Amino acid sequence: MSFWKEKTLAELSAQEWESLCDGCGKCCLNKIIDDETDELYYTNAACKLLDAKACHCMHYEQRFTFVPSCTKVTVDNIAELTWLPDSCAYRRLYQGRDLPSWHPLLTGDKTKMHELGMSTRNKIVNENKVRYLEDHIVLWPLKDCD
């Protein structure tokens, strides 16, 4: 059942909402916003809780205890979260787009997402090992296959 096509974001159950997350890990990357231009830059410096291979939070249920500044994506704040990548299912659905062809809800697992380079797998460094975020700006999180 393609529940994301049959319901609005506001109508989704908590389980359906959570299943929309493809688990790419891009939202866990540190970002820089230029003070003068408001331009957003992604870095490969990831939250200390992001598992580099599995691309998921190692303490998801308790993440706010470990990282109080972590942002919970909700139907109420999705419009304001302009830093979410264009490939993000929440952002895509909010914008009236469909899930990407590689999304785990369509493929059954994360294999295609990793194969297409749409996740953070093998691309990140733990934020605790980074001295200057500016030295870690990357473009790959901007990629959106379809």
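Please refer to the structure placed before this passage.
Quick notes on the rules
Residues numbered from 1 in each chain as written. Predicted model: local features only at pLDDT ≥ 70, side-chain atom pairs only at ≥ 80, totals over all residues. Heavy atoms only, no water. Phe/Tyr/Trp six-rings, centres within 6.5 Å; stacked < 30°, edge-to-face > 60°. Buried < 20%, exposed > 50% of the residue type's maximum accessible area, 1.4 Å probe, protein only. Lys NZ or Arg CZ within 6 Å of the ring centre and 35° of its normal. Helix = DSSP H or I, 4+ residues; strand = E, 2+ residues; numbered from the N terminus. Pairing = 2+ DSSP bridges.

> Which parts of the structure should I look at to understand the packing of aromatic side chains?
The relative placement of two aromatic rings is captured by the distance of their centres and the angle of their planes. Scanning the model with the defined rule gives two aromatic pairs in all. When the centroid spacing of 5.1 Å and the interplanar angle of 85 degrees are considered together, the rings of F3 and W4 count as edge-to-face. With a relative accessible area of 8%, F3 lands in the buried category. The cationic tip of R63 hangs over the ring face of Y60; the distance from NZ or CZ to the ring centre is 3.9 Å.

> Quick question: what am I supposed to make of unusual backbone geometry here?
Among all residues except glycine, the phi angle is most often negative; among peptide bonds, the trans geometry is most common. Backbone geometry places D38, a non-glycine residue, at a positive phi of 65 degrees. Considering the arrangement of structural elements, one finds D38 in the loop between β1 (29–33) and β2 (40–46). Positive phi, close to 60 degrees, is recorded for N122, a residue that is not glycine.

> Just to check I follow, could you spell out the pairing of β2 for this structure?
Where a strand is regular, its side chains alternate between the two sheet faces. With five of seven residues buried, β2 is to be regarded as a mostly interior element. The pairing of β1 with β2 spans four bridges and is antiparallel. When the sheet's bridge partners are listed, I32 is paired in β2 with Y41. Hairpin connection, β1 to β2: the antiparallel pair is bridged by six residues, and D38 has positive phi, about 65 degrees.

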